[in-house]
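What the coordinates show
Next come the chains, spelled out residue by residue.
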Amino acid sequence: MPELPEVETIVRELNEAHVVGKKILKAEVFWNRTVATPEVSKFLQLIENQKILKITRQGKYIVFHLFEGFLLVHLRMTGKFLLSMPSNHERVRIYLEDGQVLHYADQRKFGRFSLVKTLDAIDHIGVDPFSKDFTFESFKALLNAHSRQIKPFLLDQKHICGLGNIYVDEALWEAKIDPQRFSNTLSHEQMHDLFHAIPKVLEKGIENLGTSLGTHRSNYFNVSGKRGGNQYKLNVFRRDKEPCPRCGHIIIKLKVAQRGTHVCPNCQY
DNA sequence: AGCTCGACCCGGACGC
DNA sequence: TGCGTCCGGGTCGAGC
């Protein structure tokens, strides 16, 4: 499931693949609801002949900076960009001026494209953990401002953006924090540890080119269709019934805020 | 403000 | 083997 490291890997790859600087000749949409805004006919018309100036990431959004406006893409669960033809589930196809074709495949159809004039649409998302605005003081203030379980707090993109289920579990394990603890009850030291754990687990994910769970197609793949390697480096996520890499205690799985959650009951309680 | 549920989707996993 | 059902994952909106 694409979270910050997977999206970052994709953005880097798109940049390396010389998609930047190319003009979009035309697009095709095979599943209309993939385009959130504007309506598909307008979308196709507006995107034509637009030059891609640069591609960046904001939280889990891929931002294509066009000559006029921005194409925002959120991959949600199973969205992926591929430079070679996907075997199935293709929802959008973008033809570039040099013969390159960017395919967007999305088995579960949750991903969304928005063609917008300004970046107002993603104003609501919180600080990126790799931004210089992500400081310990601001993080501590955020935690103290909310009385909420730490796991759903970290999953809520309006506070801090980029974390999903995998990396939240990893960060909380790293900082030895119970996912059910309330954000404003953490000790100063725990807040400090968590502040450092978040970029740490995300950086590790990026270094390993993302997490590709399981063996099947619906999983995360990068632009050239390769799997990431971070699934082999996870400490707790989907490792229930296995020993904790830190203390050897058996990792358990529970539900926190309706989400599958993995913890070491020895380190984290 | 924060919680919970349902919706959006599909196919892998599981039970029989 | 084949069928039916459940589940998960990110996000949003509704109702409490």
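Higher on the page you've got the structure.
Residues numbered from 1 in each chain as written. Chains lettered and ligands numbered in written order. Predicted model: local features only at pLDDT ≥ 70, side-chain atom pairs only at ≥ 80, totals over all residues. Heavy atoms only, no water.

**Focus on a positive patch on the surface**
There is a patch of like positive charges on the surface, built from Arg 238, Lys 241, Lys 253, Lys 255 and Arg 259. Structurally, the position occupied by Lys 255 is in strand E10 (residues 252–256). (Patch = residues over 30% accessible without salt bridge, like charges linked within 9 Å, V, L, I, M, F, W, Y side chains within 5 Å. Areas by Shrake-Rupley, 256 points an atom, 1.4 Å probe, with all protein chains shown as cover. Salt bridge = Lys/Arg side-chain N within 4 Å of Asp/Glu carboxyl O. Lys, Arg positive; Asp, Glu negative; His and termini not counted. Charge placed at Lys NZ, Arg CZ, Asp CG, Glu CD. Helix = DSSP H or I, 4+ residues; strand = E, 2+ residues; numbered from the N terminus.)

**Re the packing of helix H3 (residues 136–144) against helix H6 (residues 188–207)**
H6 packs onto H3 with a crossing angle of 120° between their chain directions and a minimal axis gap of 10 Å. Where H3 crosses over H6, the two elements pack in a sense that is right-handed. On H6, the residues that touch Phe 136, Phe 139, Lys 140, Leu 143 and Asn 144 of H3 are His 188, Met 191, His 192, Leu 194, Phe 195 and Ile 198. In terms of residue class, the contact of H3 with H6 is made up of 7 nonpolar, 3 polar and 1 charged. (Axes fitted to C-alpha atoms, helices over the stretch in contact; angles between N-to-C directions. Left-handed = near helix turned anticlockwise from the far one by under 90°. Contact = heavy atoms within 4.5 Å. Nonpolar A, V, L, I, M, F, W, Y, C, P; charged D, E, K, R; others polar.)

**A word on the protein's contact with DNA strand B**
Lining the immediate environment of DNA strand B, one finds 13 residues, of which Arg 33, Arg 108, Lys 109, His 146 and Arg 148 sit closest. When atoms of DNA strand B within 4 Å of the protein are sorted by moiety, sugar and phosphate together comprise 80%. Arg 108 has a polar side-chain atom sitting 3.0 Å from a base oxygen of DNA strand B. With respect to DNA strand B, the side chain of His 146 contributes an N or O atom lying 2.8 Å from a phosphate oxygen. Classifying every residue of the surface near DNA strand B gives 2 nonpolar, 7 polar and 4 charged. (Near = heavy atom within 4 Å. Polar contact = N/O pair within 3.5 Å; in protein donor to acceptor, adjacent residues only side chain to side chain.)

**Considering the pairing of strand E9 (residues 112–116)**
The element E9 is extensively covered by neighbouring structure, given that 4 of its 5 residues are classed as buried. With 2 bridges connecting them, strand E2 (residues 35–37) and E9 associate as parallel partners. Bridge pairing links Val 35 to Phe 113 in E9. Relative to E9, strand E5 (residues 70–74) runs antiparallel, the two being bridged by 5 bridges. Opposite Val 73, over in E9, you have Phe 113 as the bridge partner. (Buried < 20%, exposed > 50% of the residue type's maximum accessible area, 1.4 Å probe, protein only. Pairing = 2+ DSSP bridges.)

**Focus: the sheet that holds strand E1 (residues 24–29)**
One open sheet accounts for 4 strands, arranged E1-E7-E8-E6; its pairing is antiparallel. Across the chains shown, the open sheet's two edge strands, defined by having one partner strand only, are E1 and strand E6 (79–82). Across this sheet, the average inter-strand angle for adjacent strands is 15°, counted without regard to direction.

**Some points on the pattern of salt bridges**
Counted under the stated rule, the structure contains 12 salt bridges. Across the pair Arg 57 and Glu 8 runs a salt bridge whose closest N-O atoms are separated by 2.7 Å. Linking Arg 57 in strand E3 (residues 52–58) with Glu 8 in helix H1 (residues 4–16), this pair joins segments that are 49 residues apart in sequence. Accessibility expressed as a relative area gives 13% for Glu 8, which makes it buried. Close ionic contact of Glu 90 with Arg 93 constitutes a salt bridge, the shortest N to O distance being 2.8 Å. Here Glu 90 matches Arg 93 in class, with each residue buried.

**Structural notes on unusual backbone geometry**
That bond from Thr 37 to Pro 38 is cis: its omega, -10°, falls within 30 degrees of zero. One can find Pro 38 in the loop between E2 and helix H2 (40–47). With a phi angle near 60°, Lys 109 is a residue other than glycine that sits in the positive phi range. In this structure Lys 109 comes out as partly exposed when scored by relative accessible area, which is 26%. At Lys 176, a residue that is not glycine, the phi angle is positive and equals roughly 55°. As for its placement among the helices and strands, Lys 176 is situated in the loop between helix H5 (165–174) and H6.

**Observations concerning the protein's contact with DNA strand C**
Near DNA strand C you find 17 residues, and of these His 74, Met 77, Arg 108, Lys 255 and Arg 259 are the closest. Considering the 4 Å shell around the protein, atoms of DNA strand C inside it are sugar or phosphate in 69% of instances. Between DNA strand C and Gln 157 there is a distance of 3.4 Å, counted from a phosphate oxygen to a side-chain nitrogen or oxygen. Looking at the surface near DNA strand C residue by residue, the classes come out as 4 nonpolar, 6 polar and 7 charged.

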